[in-house]
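Architecture and fold: a report
Chain by chain, the residues run as shown.
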Protein chains: 4
Amino acid sequence: MNENMVKWVQEGNISIPRALLLYYKDMNINENELVLLLHVISFLEKGNDFPTPTEISSRMTISTSQCTELLRKLIQKGFIKIDDGYSNEGIRFEKYTIEPLWQKLVNEYLLNQNAQQKEQNEKNEM
Amino acid sequence: MNENMVKWVQEGNISIPRALLLYYKDMNINENELVLLLHVISFLEKGNDFPTPTEISSRMTISTSQCTELLRKLIQKGFIKIDDGYSNEGIRFEKYTIEPLWQKLVNEYLLNQNAQQKEQNEKNEM
Amino acid sequence: MNENMVKWVQEGNISIPRALLLYYKDMNINENELVLLLHVISFLEKGNDFPTPTEISSRMTISTSQCTELLRKLIQKGFIKIDDGYSNEGIRFEKYTIEPLWQKLVNEYLLNQNAQQKEQNEKNEM
Amino acid sequence: MNENMVKWVQEGNISIPRALLLYYKDMNINENELVLLLHVISFLEKGNDFPTPTEISSRMTISTSQCTELLRKLIQKGFIKIDDGYSNEGIRFEKYTIEPLWQKLVNEYLLNQNAQQKEQNEKNEM
(Lines give C-alpha, C1' and ligand atoms only; values in the text may rest on other atoms or scores of the structure.)
Protein backbone atom coordinates (compact mmCIF):
# COMPACT_ATOMS: atom_id res chain seq x y z
CA MET A 1 0.00 0.00 0.00
CA ASN A 2 2.93 2.15 0.89
CA GLU A 3 4.07 1.49 -2.67
CA ASN A 4 0.73 2.63 -4.10
CA MET A 5 1.09 5.88 -2.20
CA VAL A 6 4.56 6.44 -3.65
CA LYS A 7 3.11 5.90 -7.13
CA TRP A 8 0.41 8.45 -6.36
CA VAL A 9 3.04 11.00 -5.37
CA GLN A 10 5.01 10.31 -8.54
CA GLU A 11 1.85 10.70 -10.63
CA GLY A 12 1.94 14.25 -9.32
CA ASN A 13 -0.40 17.13 -9.87
CA ILE A 14 -1.69 19.14 -12.72
CA SER A 15 -1.52 22.82 -11.97
CA ILE A 16 -3.17 25.55 -14.07
CA PRO A 17 -3.36 29.33 -13.68
CA ARG A 18 -6.54 30.16 -11.75
CA ALA A 19 -7.19 32.75 -14.45
CA LEU A 20 -7.98 29.93 -16.90
CA LEU A 21 -10.82 28.79 -14.66
CA LEU A 22 -12.05 32.38 -14.30
CA TYR A 23 -11.94 33.35 -17.97
CA TYR A 24 -12.42 30.26 -20.18
CA LYS A 25 -16.09 31.15 -20.60
CA ASP A 26 -15.21 34.64 -21.83
CA MET A 27 -12.71 33.04 -24.21
CA ASN A 28 -15.54 31.09 -25.82
CA ILE A 29 -14.37 27.75 -24.43
CA ASN A 30 -16.96 25.34 -23.00
CA GLU A 31 -16.50 22.74 -20.25
CA ASN A 32 -15.86 19.80 -22.60
CA GLU A 33 -13.21 21.82 -24.40
CA LEU A 34 -11.64 22.98 -21.13
CA VAL A 35 -11.30 19.41 -19.87
CA LEU A 36 -9.90 18.29 -23.23
CA LEU A 37 -7.29 21.06 -22.92
CA LEU A 38 -6.42 19.81 -19.41
CA HIS A 39 -5.92 16.31 -20.82
CA VAL A 40 -3.63 17.65 -23.55
CA ILE A 41 -1.63 19.65 -20.97
CA SER A 42 -1.35 16.51 -18.83
CA PHE A 43 -0.18 14.34 -21.75
CA LEU A 44 2.41 16.99 -22.72
CA GLU A 45 3.71 17.13 -19.13
CA LYS A 46 4.10 13.36 -19.13
CA GLY A 47 6.11 13.42 -22.37
CA ASN A 48 3.39 12.40 -24.84
CA ASP A 49 3.58 15.31 -27.30
CA PHE A 50 0.91 14.16 -29.71
CA PRO A 51 -1.81 12.15 -27.94
CA THR A 52 -4.37 10.61 -30.30
CA PRO A 53 -8.13 11.23 -30.05
CA THR A 54 -8.37 7.58 -28.94
CA GLU A 55 -5.95 8.14 -26.06
CA ILE A 56 -7.65 11.36 -24.99
CA SER A 57 -11.25 10.15 -25.32
CA SER A 58 -10.46 6.98 -23.32
CA ARG A 59 -10.22 9.30 -20.29
CA MET A 60 -13.32 11.30 -21.21
CA THR A 61 -17.05 10.62 -21.38
CA ILE A 62 -17.11 11.51 -25.09
CA SER A 63 -16.56 9.26 -28.12
CA THR A 64 -13.39 9.23 -30.19
CA SER A 65 -15.13 10.98 -33.10
CA GLN A 66 -16.50 13.68 -30.78
CA CYS A 67 -12.97 14.11 -29.42
CA THR A 68 -11.55 14.44 -32.96
CA GLU A 69 -14.17 17.08 -33.68
CA LEU A 70 -13.41 19.03 -30.46
CA LEU A 71 -9.67 18.93 -31.16
CA ARG A 72 -10.32 20.23 -34.69
CA LYS A 73 -12.38 23.11 -33.24
CA LEU A 74 -9.74 24.00 -30.64
CA ILE A 75 -7.10 24.15 -33.37
CA GLN A 76 -9.41 26.17 -35.62
CA LYS A 77 -10.23 28.65 -32.83
CA GLY A 78 -6.48 29.02 -32.23
CA PHE A 79 -6.07 27.52 -28.75
CA ILE A 80 -3.91 24.57 -29.76
CA LYS A 81 -1.32 24.51 -32.55
CA ILE A 82 0.39 21.60 -34.23
CA ASP A 83 4.14 22.04 -34.57
CA ASP A 84 6.07 19.76 -36.85
CA GLY A 85 9.73 19.15 -37.44
CA TYR A 86 12.40 16.52 -37.83
CA SER A 87 14.04 14.71 -34.92
CA ASN A 88 17.81 14.26 -34.58
CA GLU A 89 17.43 10.93 -36.33
CA GLY A 90 15.65 12.58 -39.27
CA ILE A 91 12.21 11.28 -38.40
CA ARG A 92 9.34 13.69 -38.98
CA PHE A 93 7.23 14.42 -35.88
CA GLU A 94 4.12 16.38 -35.03
CA LYS A 95 3.36 17.75 -31.60
CA TYR A 96 0.74 19.88 -29.94
CA THR A 97 1.67 23.18 -28.38
CA ILE A 98 -0.65 25.16 -26.13
CA GLU A 99 1.32 28.39 -26.25
CA PRO A 100 -1.59 30.02 -28.17
CA LEU A 101 -3.91 29.19 -25.26
CA TRP A 102 -1.67 31.11 -22.84
CA GLN A 103 -1.41 34.05 -25.25
CA LYS A 104 -5.19 34.28 -25.53
CA LEU A 105 -5.59 33.86 -21.78
CA VAL A 106 -3.12 36.66 -21.01
CA ASN A 107 -4.92 38.92 -23.53
CA GLU A 108 -8.29 38.16 -21.97
CA TYR A 109 -6.88 38.75 -18.48
CA LEU A 110 -5.39 42.12 -19.40
CA LEU A 111 -8.57 43.25 -21.20
CA ASN A 112 -10.49 42.37 -18.08
CA GLN A 113 -8.09 44.15 -15.73
CA ASN A 114 -8.20 47.27 -17.89
CA ALA A 115 -12.01 47.22 -17.98
CA GLN A 116 -12.10 46.92 -14.18
CA GLN A 117 -9.59 49.74 -13.86
CA LYS A 118 -11.62 52.00 -16.16
CA GLU A 119 -14.82 51.26 -14.26
CA GLN A 120 -13.03 52.06 -11.01
CA ASN A 121 -11.76 55.37 -12.39
CA GLU A 122 -15.24 56.37 -13.55
CA LYS A 123 -16.65 55.63 -10.11
CA ASN A 124 -13.93 57.74 -8.50
CA GLU A 125 -14.75 60.68 -10.78
CA MET A 126 -18.41 60.72 -9.85
CA MET B 1 1.18 46.36 -16.60
CA ASN B 2 3.77 45.32 -14.08
CA GLU B 3 0.96 45.65 -11.57
CA ASN B 4 -1.34 43.41 -13.62
CA MET B 5 1.36 40.75 -13.64
CA VAL B 6 1.68 40.93 -9.84
CA LYS B 7 -2.10 40.45 -9.59
CA TRP B 8 -1.84 37.42 -11.88
CA VAL B 9 0.81 35.90 -9.60
CA GLN B 10 -1.34 36.55 -6.54
CA GLU B 11 -4.34 34.96 -8.27
CA GLY B 12 -2.19 31.86 -8.19
CA ASN B 13 -2.83 28.39 -9.50
CA ILE B 14 -5.27 25.64 -8.97
CA SER B 15 -3.54 22.33 -8.54
CA ILE B 16 -5.30 18.94 -8.54
CA PRO B 17 -3.99 15.38 -8.23
CA ARG B 18 -3.39 14.06 -11.75
CA ALA B 19 -5.29 10.95 -10.63
CA LEU B 20 -8.52 12.99 -10.66
CA LEU B 21 -8.04 13.68 -14.37
CA LEU B 22 -7.25 10.00 -15.00
CA TYR B 23 -10.14 8.48 -13.03
CA TYR B 24 -13.10 10.91 -12.95
CA LYS B 25 -14.71 8.99 -15.80
CA ASP B 26 -14.47 5.71 -13.87
CA MET B 27 -15.97 7.50 -10.87
CA ASN B 28 -19.05 8.30 -12.93
CA ILE B 29 -18.28 12.01 -13.12
CA ASN B 30 -18.76 13.81 -16.44
CA GLU B 31 -16.89 16.86 -17.77
CA ASN B 32 -19.48 19.42 -16.62
CA GLU B 33 -19.42 17.93 -13.13
CA LEU B 34 -15.60 17.84 -13.07
CA VAL B 35 -15.37 21.52 -13.96
CA LEU B 36 -18.02 22.40 -11.40
CA LEU B 37 -15.92 20.55 -8.80
CA LEU B 38 -12.85 22.57 -9.87
CA HIS B 39 -14.84 25.78 -9.37
CA VAL B 40 -15.92 24.66 -5.89
CA ILE B 41 -12.30 23.79 -5.00
CA SER B 42 -11.19 27.19 -6.29
CA PHE B 43 -13.86 29.07 -4.29
CA LEU B 44 -12.90 27.11 -1.14
CA GLU B 45 -9.21 27.96 -1.63
CA LYS B 46 -10.10 31.63 -1.92
CA GLY B 47 -12.07 31.57 1.32
CA ASN B 48 -15.63 31.37 -0.07
CA ASP B 49 -16.87 28.25 1.71
CA PHE B 50 -20.39 28.19 0.31
CA PRO B 51 -20.51 29.64 -3.22
CA THR B 52 -24.03 29.98 -4.61
CA PRO B 53 -25.18 28.41 -7.90
CA THR B 54 -25.33 31.98 -9.25
CA GLU B 55 -21.68 32.61 -8.38
CA ILE B 56 -20.55 29.27 -9.81
CA SER B 57 -22.64 29.38 -12.99
CA SER B 58 -21.46 32.93 -13.76
CA ARG B 59 -18.09 31.31 -14.56
CA MET B 60 -19.59 28.41 -16.51
CA THR B 61 -21.45 28.00 -19.78
CA ILE B 62 -24.47 26.52 -17.97
CA SER B 63 -27.49 28.26 -16.47
CA THR B 64 -28.01 28.83 -12.75
CA SER B 65 -30.76 26.21 -12.62
CA GLN B 66 -28.57 23.66 -14.43
CA CYS B 67 -25.83 24.46 -11.92
CA THR B 68 -28.22 23.94 -8.99
CA GLU B 69 -29.19 20.59 -10.48
CA LEU B 70 -25.55 19.51 -10.97
CA LEU B 71 -24.66 20.52 -7.41
CA ARG B 72 -27.62 18.49 -6.14
CA LYS B 73 -26.41 15.46 -8.10
CA LEU B 74 -22.83 15.78 -6.85
CA ILE B 75 -24.09 15.90 -3.26
CA GLN B 76 -26.44 12.98 -3.90
CA LYS B 77 -23.66 10.88 -5.47
CA GLY B 78 -21.50 11.67 -2.43
CA PHE B 79 -18.71 13.79 -3.93
CA ILE B 80 -19.53 17.00 -2.07
CA LYS B 81 -20.90 17.29 1.44
CA ILE B 82 -22.49 20.24 3.21
CA ASP B 83 -21.13 20.81 6.72
CA ASP B 84 -22.94 23.11 9.07
CA GLY B 85 -22.13 24.58 12.43
CA TYR B 86 -22.10 27.73 14.47
CA SER B 87 -19.42 30.42 14.26
CA ASN B 88 -17.72 31.95 17.33
CA GLU B 89 -20.33 34.68 17.24
CA GLY B 90 -23.15 32.12 17.32
CA ILE B 91 -24.13 32.55 13.71
CA ARG B 92 -25.14 29.39 11.87
CA PHE B 93 -23.12 28.65 8.74
CA GLU B 94 -23.09 26.07 5.96
CA LYS B 95 -20.05 25.14 3.94
CA TYR B 96 -19.08 22.69 1.25
CA THR B 97 -16.43 20.08 1.90
CA ILE B 98 -14.87 17.96 -0.83
CA GLU B 99 -13.28 15.42 1.50
CA PRO B 100 -15.70 12.75 0.12
CA LEU B 101 -14.33 13.39 -3.38
CA TRP B 102 -10.79 12.60 -2.21
CA GLN B 103 -11.98 9.48 -0.39
CA LYS B 104 -13.70 8.17 -3.51
CA LEU B 105 -10.72 9.10 -5.67
CA VAL B 106 -8.28 7.26 -3.39
CA ASN B 107 -10.58 4.21 -3.41
CA GLU B 108 -10.80 4.27 -7.21
CA TYR B 109 -7.03 4.68 -7.48
CA LEU B 110 -6.29 1.74 -5.18
CA LEU B 111 -8.85 -0.51 -6.93
CA ASN B 112 -7.17 0.34 -10.19
CA GLN B 113 -3.65 -0.28 -8.88
CA ASN B 114 -4.71 -3.64 -7.46
CA ALA B 115 -6.36 -4.64 -10.74
CA GLN B 116 -3.18 -3.73 -12.62
CA GLN B 117 -1.08 -5.65 -10.12
CA LYS B 118 -3.29 -8.74 -10.44
CA GLU B 119 -3.15 -8.57 -14.22
CA GLN B 120 0.62 -8.28 -14.04
CA ASN B 121 0.87 -11.30 -11.73
CA GLU B 122 -1.28 -13.40 -14.05
CA LYS B 123 0.92 -12.47 -17.01
CA ASN B 124 4.02 -13.43 -15.02
CA GLU B 125 2.53 -16.83 -14.18
CA MET B 126 1.84 -17.69 -17.80
CA MET C 1 -3.98 3.32 5.51
CA ASN C 2 -6.51 4.34 2.94
CA GLU C 3 -7.41 7.04 5.44
CA ASN C 4 -3.79 8.19 5.71
CA MET C 5 -3.70 8.57 1.94
CA VAL C 6 -6.85 10.72 2.00
CA LYS C 7 -5.20 12.92 4.64
CA TRP C 8 -2.14 13.24 2.40
CA VAL C 9 -4.34 14.39 -0.49
CA GLN C 10 -6.07 16.94 1.73
CA GLU C 11 -2.72 18.22 2.98
CA GLY C 12 -2.25 19.19 -0.65
CA ASN C 13 0.65 20.81 -2.40
CA ILE C 14 2.57 23.98 -2.21
CA SER C 15 3.03 25.52 -5.61
CA ILE C 16 5.36 28.42 -6.40
CA PRO C 17 6.21 30.24 -9.64
CA ARG C 18 9.28 28.54 -11.14
CA ALA C 19 10.68 32.06 -11.56
CA LEU C 20 11.16 32.29 -7.78
CA LEU C 21 13.49 29.29 -7.91
CA LEU C 22 15.35 30.80 -10.88
CA TYR C 23 15.78 34.32 -9.50
CA TYR C 24 15.87 34.25 -5.67
CA LYS C 25 19.66 34.39 -5.78
CA ASP C 26 19.58 37.55 -7.95
CA MET C 27 17.07 39.00 -5.50
CA ASN C 28 19.63 38.65 -2.71
CA ILE C 29 17.72 35.86 -0.97
CA ASN C 30 19.66 32.86 0.36
CA GLU C 31 18.46 29.27 0.77
CA ASN C 32 17.51 29.60 4.47
CA GLU C 33 15.48 32.70 3.66
CA LEU C 34 13.83 31.03 0.63
CA VAL C 35 12.71 28.07 2.73
CA LEU C 36 11.45 30.38 5.47
CA LEU C 37 9.39 32.20 2.81
CA LEU C 38 7.97 28.85 1.66
CA HIS C 39 6.94 28.08 5.25
CA VAL C 40 5.23 31.48 5.57
CA ILE C 41 3.40 30.90 2.25
CA SER C 42 2.33 27.47 3.47
CA PHE C 43 1.06 28.81 6.82
CA LEU C 44 -0.88 31.57 5.03
CA GLU C 45 -2.48 29.01 2.67
CA LYS C 46 -3.57 26.97 5.66
CA GLY C 47 -5.22 29.98 7.31
CA ASN C 48 -2.51 30.87 9.87
CA ASP C 49 -1.89 34.51 8.96
CA PHE C 50 0.72 35.30 11.56
CA PRO C 51 2.82 32.22 12.39
CA THR C 52 5.25 32.75 15.27
CA PRO C 53 9.02 32.18 14.98
CA THR C 54 8.47 29.17 17.28
CA GLU C 55 5.93 27.64 14.89
CA ILE C 56 8.10 28.29 11.84
CA SER C 57 11.42 27.18 13.37
CA SER C 58 9.85 23.94 14.65
CA ARG C 59 9.77 22.87 10.98
CA MET C 60 13.26 24.15 10.21
CA THR C 61 16.79 23.20 11.22
CA ILE C 62 17.38 26.67 12.71
CA SER C 63 16.70 27.92 16.24
CA THR C 64 13.79 30.16 17.20
CA SER C 65 16.09 33.14 17.68
CA GLN C 66 17.74 32.58 14.29
CA CYS C 67 14.24 32.40 12.80
CA THR C 68 13.24 35.69 14.46
CA GLU C 69 16.39 37.27 13.04
CA LEU C 70 15.70 35.94 9.50
CA LEU C 71 12.09 37.16 9.62
CA ARG C 72 13.32 40.58 10.71
CA LYS C 73 15.74 40.68 7.76
CA LEU C 74 13.07 39.60 5.26
CA ILE C 75 10.79 42.38 6.49
CA GLN C 76 13.64 44.90 6.44
CA LYS C 77 14.64 43.90 2.88
CA GLY C 78 11.00 44.35 1.86
CA PHE C 79 9.97 40.77 0.97
CA ILE C 80 7.40 40.34 3.72
CA LYS C 81 5.14 43.01 5.15
CA ILE C 82 3.08 43.04 8.33
CA ASP C 83 -0.48 44.27 7.80
CA ASP C 84 -2.58 45.19 10.80
CA GLY C 85 -6.20 46.02 11.26
CA TYR C 86 -9.28 45.35 13.35
CA SER C 87 -11.51 42.30 12.95
CA ASN C 88 -15.32 42.49 12.77
CA GLU C 89 -15.40 41.96 16.50
CA GLY C 90 -13.06 44.90 17.08
CA ILE C 91 -10.04 42.82 17.92
CA ARG C 92 -6.70 44.08 16.60
CA PHE C 93 -4.82 41.62 14.40
CA GLU C 94 -1.49 41.42 12.63
CA LYS C 95 -0.82 39.31 9.59
CA TYR C 96 1.98 38.69 7.13
CA THR C 97 1.55 39.48 3.46
CA ILE C 98 3.97 38.36 0.77
CA GLU C 99 2.67 40.67 -1.94
CA PRO C 100 6.00 42.58 -1.81
CA LEU C 101 7.84 39.33 -2.65
CA TRP C 102 5.77 38.91 -5.83
CA GLN C 103 6.33 42.56 -6.78
CA LYS C 104 10.09 42.20 -6.43
CA LEU C 105 10.04 38.87 -8.28
CA VAL C 106 8.08 40.33 -11.21
CA ASN C 107 10.50 43.28 -11.35
CA GLU C 108 13.50 40.95 -11.34
CA TYR C 109 11.90 38.76 -14.01
CA LEU C 110 11.16 41.70 -16.32
CA LEU C 111 14.67 43.17 -15.85
CA ASN C 112 16.07 39.81 -16.80
CA GLN C 113 13.82 39.39 -19.84
CA ASN C 114 14.73 42.88 -21.06
CA ALA C 115 18.44 42.20 -20.60
CA GLN C 116 18.10 38.97 -22.58
CA GLN C 117 16.15 40.78 -25.29
CA LYS C 118 18.77 43.54 -25.53
CA GLU C 119 21.57 40.99 -25.76
CA GLN C 120 19.66 39.18 -28.49
CA ASN C 121 19.14 42.41 -30.44
CA GLU C 122 22.84 43.27 -30.23
CA LYS C 123 23.75 39.82 -31.54
CA ASN C 124 21.33 40.24 -34.42
CA GLU C 125 22.87 43.62 -35.34
CA MET C 126 26.38 42.20 -35.58
CA MET D 1 5.29 43.10 -22.02
CA ASN D 2 2.29 40.99 -22.90
CA GLU D 3 4.87 38.62 -24.36
CA ASN D 4 6.88 38.57 -21.13
CA MET D 5 3.74 37.58 -19.27
CA VAL D 6 3.11 34.70 -21.68
CA LYS D 7 6.68 33.51 -21.07
CA TRP D 8 6.06 33.68 -17.34
CA VAL D 9 2.97 31.49 -17.71
CA GLN D 10 4.89 28.99 -19.83
CA GLU D 11 7.69 28.91 -17.26
CA GLY D 12 5.00 27.50 -15.02
CA ASN D 13 5.11 26.45 -11.40
CA ILE D 14 6.94 24.00 -9.28
CA SER D 15 4.58 22.11 -7.05
CA ILE D 16 5.63 19.84 -4.17
CA PRO D 17 3.66 17.83 -1.61
CA ARG D 18 3.15 20.01 1.45
CA ALA D 19 4.32 17.00 3.47
CA LEU D 20 7.87 17.56 2.17
CA LEU D 21 7.89 21.01 3.76
CA LEU D 22 6.47 19.58 7.00
CA TYR D 23 8.83 16.60 7.33
CA TYR D 24 12.16 17.34 5.63
CA LYS D 25 13.64 18.23 9.01
CA ASP D 26 12.60 14.87 10.48
CA MET D 27 14.11 13.19 7.40
CA ASN D 28 17.48 14.71 8.29
CA ILE D 29 17.45 17.12 5.35
CA ASN D 30 18.58 20.71 5.91
CA GLU D 31 17.47 23.85 4.07
CA ASN D 32 20.38 23.90 1.59
CA GLU D 33 19.70 20.28 0.72
CA LEU D 34 15.95 20.89 0.39
CA VAL D 35 16.49 23.75 -2.05
CA LEU D 36 19.01 21.67 -4.01
CA LEU D 37 16.34 18.94 -4.28
CA LEU D 38 13.84 21.53 -5.55
CA HIS D 39 16.34 22.57 -8.22
CA VAL D 40 16.85 18.95 -9.29
CA ILE D 41 13.05 18.43 -9.45
CA SER D 42 12.73 21.60 -11.54
CA PHE D 43 15.50 20.55 -13.96
CA LEU D 44 13.89 17.10 -14.34
CA GLU D 45 10.50 18.68 -15.08
CA LYS D 46 12.09 20.84 -17.76
CA GLY D 47 13.68 17.82 -19.44
CA ASN D 48 17.25 18.15 -18.12
CA ASP D 49 17.71 14.71 -16.54
CA PHE D 50 21.26 15.12 -15.33
CA PRO D 51 22.00 18.75 -14.41
CA THR D 52 25.64 19.39 -13.52
CA PRO D 53 26.80 20.92 -10.21
CA THR D 54 27.75 24.00 -12.26
CA GLU D 55 24.21 24.35 -13.63
CA ILE D 56 22.63 23.82 -10.23
CA SER D 57 24.99 26.03 -8.23
CA SER D 58 24.56 28.89 -10.73
CA ARG D 59 21.07 29.26 -9.29
CA MET D 60 22.17 28.88 -5.67
CA THR D 61 24.23 30.93 -3.23
CA ILE D 62 26.71 28.05 -2.81
CA SER D 63 29.85 27.28 -4.81
CA THR D 64 30.10 24.51 -7.41
CA SER D 65 32.28 22.40 -5.12
CA GLN D 66 29.83 22.81 -2.21
CA CYS D 67 27.08 21.78 -4.60
CA THR D 68 29.02 18.67 -5.69
CA GLU D 69 29.48 17.78 -2.02
CA LEU D 70 25.75 18.27 -1.22
CA LEU D 71 24.74 16.14 -4.23
CA ARG D 72 27.13 13.40 -3.06
CA LYS D 73 25.55 13.49 0.41
CA LEU D 74 22.00 13.37 -0.93
CA ILE D 75 22.90 10.31 -3.02
CA GLN D 76 24.71 8.70 -0.07
CA LYS D 77 21.74 9.31 2.27
CA GLY D 78 19.49 7.74 -0.38
CA PHE D 79 17.32 10.68 -1.45
CA ILE D 80 18.55 10.85 -5.04
CA LYS D 81 19.61 7.93 -7.21
CA ILE D 82 21.52 7.89 -10.47
CA ASP D 83 19.97 5.66 -13.11
CA ASP D 84 21.95 4.73 -16.17
CA GLY D 85 21.08 3.02 -19.40
CA TYR D 86 21.46 3.16 -23.14
CA SER D 87 19.35 5.36 -25.41
CA ASN D 88 17.68 4.11 -28.61
CA GLU D 89 20.76 5.23 -30.50
CA GLY D 90 23.00 3.17 -28.22
CA ILE D 91 24.42 6.14 -26.34
CA ARG D 92 25.01 5.62 -22.63
CA PHE D 93 23.19 8.11 -20.39
CA GLU D 94 22.97 8.89 -16.69
CA LYS D 95 20.01 10.56 -15.07
CA TYR D 96 18.85 11.50 -11.60
CA THR D 97 15.71 10.02 -10.16
CA ILE D 98 14.05 11.29 -7.00
CA GLU D 99 11.80 8.29 -6.49
CA PRO D 100 13.78 7.42 -3.32
CA LEU D 101 12.91 10.85 -1.89
CA TRP D 102 9.18 10.15 -2.29
CA GLN D 103 9.58 6.69 -0.75
CA LYS D 104 11.32 8.11 2.31
CA LEU D 105 8.79 10.94 2.55
CA VAL D 106 5.83 8.53 2.44
CA ASN D 107 7.50 6.37 5.12
CA GLU D 108 8.10 9.41 7.33
CA TYR D 109 4.52 10.58 6.80
CA LEU D 110 3.02 7.21 7.72
CA LEU D 111 5.26 6.85 10.80
CA ASN D 112 4.09 10.26 11.90
CA GLN D 113 0.40 9.53 11.27
CA ASN D 114 0.67 6.27 13.21
CA ALA D 115 2.41 8.00 16.12
CA GLN D 116 -0.34 10.64 16.21
CA GLN D 117 -3.00 7.94 16.05
CA LYS D 118 -1.39 6.01 18.91
CA GLU D 119 -1.13 9.15 21.02
CA GLN D 120 -4.78 9.89 20.32
CA ASN D 121 -5.81 6.36 21.34
CA GLU D 122 -3.88 6.60 24.60
CA LYS D 123 -5.59 9.89 25.40
CA ASN D 124 -8.98 8.35 24.71
CA GLU D 125 -8.22 5.44 27.06
CA MET D 126 -7.38 7.71 29.98
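Right, let's walk through the structure included here. No experiment lies behind these values; they were computed from the predicted model shown. (Residues numbered from 1 in each chain as written. Chains lettered and ligands numbered in written order. Predicted model: local features only at pLDDT ≥ 70, side-chain atom pairs only at ≥ 80, totals over all residues. Heavy atoms only, no water.)

1. Focus: helix H5 (residues 64–76) of chain D
Residue and element names in this part refer to chain D. Selection rule: Strands here mean DSSP runs of E at least two residues long; helices mean DSSP runs of H or I at least four residues long; both are numbered from the N terminus. Between the first and last residue of a helix there are one fewer steps than residues, each counted as 1.5 Å, and that sum is the expected span. Burial classes: relative accessible area under 20% of the type maximum marks a residue as buried, over 50% as exposed, and values in between as partly exposed (1.4 Å probe, protein chains only). This arc is taken over the directions from the axis of the helix to the C-beta atoms. Residues are treated as being in contact if the distance between any of their heavy atoms lies within 4.5 Å.
Here H5 spans 18 Å end to end across 13 residues, near enough to the 18 Å set by a 1.5 Å rise per residue. Looking at H5, one finds that the buried residues are Cys-67, Leu-70, Leu-71 and Leu-74. Down the axis of H5, the sector holding all buried residues measures 100 degrees, keeping them to one side. When the buried face of H5 is taken as reference, the exposed residues oriented beyond 90 degrees from it are Ser-65 and Gln-76. Tucked inside the fold, the buried residues of H5 contact helix H3 (31–45), helix H4 (53–57) and strand E3 (92–97). Backbone geometry just downstream of H5 places Gly-78 in the positive-phi region, at approximately 80 degrees.

2. Re the relation of the copies chain D and chain C
Where we set the bar: Copies are brought into register by a least-squares superposition over C-alpha atoms of residues with pLDDT of at least 70 in both.
With an axial shift of 0.0 Å and an RMSD of 0.0 Å, the rotation relating chain D to chain C amounts to 180 degrees. Both chain copies can therefore be described as sitting about a two-fold axis. In terms of C-alpha distance to the rotation axis, chain D has Ser-15 of chain D as its closest residue, with the C-alpha 2.0 Å off the axis. An overlap of 100% is found between the interface residues of chain D and their copies at the interface of chain C, pointing to a shared contact surface.

3. Regarding the environment of Leu-70 of chain D
Residue and element names in this part refer to chain D. One can find Leu-70 in helix H5. Sequence separation between Leu-70 and Leu-21 is 49 residues; the distance between their C-alpha atoms is 19 Å. Setting aside its immediate chain neighbours within four residues, Leu-70 contacts Asn-32, Glu-33, Leu-36 and Ile-62.

4. Regarding the interface of chain B and chain A
Put simply, the test is: Buried area: the accessible area, evaluated with a 1.4 Å probe, that two parts lose upon being put together, summed over both parts. In what follows, salt bridge is the name for a side-chain nitrogen of Lys or Arg lying within 4 Å of a carboxyl oxygen of Asp or Glu. For the purposes of these results, a polar contact is taken to be a pair of N or O atoms within 3.5 Å, where, inside protein, one atom must be able to donate a hydrogen and its partner to accept one; residues adjacent in sequence count only when each atom of the pair is a side-chain atom. Note on residue classes: Ala, Val, Leu, Ile, Met, Phe, Trp, Tyr, Cys and Pro are nonpolar, Asp, Glu, Lys and Arg are charged, and everything else, Gly too, is polar.
In this complex, chain B contributes 39 residues to the contact, which on the side of chain A involves 38 residues. If you sort the residues of chain B by the area they bury against chain A, Trp-8, Arg-18 and Glu-31 of chain B come out on top, with a joint share of 21%. In this assembly, chain B and chain A are joined by two salt bridges. Its salt-bridge partner being Arg-18 of chain B, residue Glu-45 of chain A comes within 2.9 Å of it at the nearest N-O pair. In this assembly, chain B and chain A are joined by 26 residue pairs in polar contact (both at pLDDT 80 or more). Going through the elements one at a time, helix H1 (2–11), strand E1 (13–17), helix H2 (18–23), helix H3 (31–45) and helix H6 (99–125) of chain B are the ones with two or more residues in the side of chain B that touches chain A. Its residues placed into classes, the side of chain B that touches chain A shows 18 nonpolar, 13 polar and eight charged.

5. Re the pairing of strand E2 (residues 81–86) of chain A
Residues and elements named next belong to chain A. Rule in force here: Here, strands pair whenever DSSP counts at least two bridges between them.
For E2 and strand E3 (residues 92–97), the ladder comprises six bridges, and the chain directions are antiparallel. Bridge pairing in E3 links Asp-84 to Glu-94. Hairpin connection from E2 to E3: five residues lie between these consecutive antiparallel strands, with Gly-90 at a positive phi of about 80 degrees.

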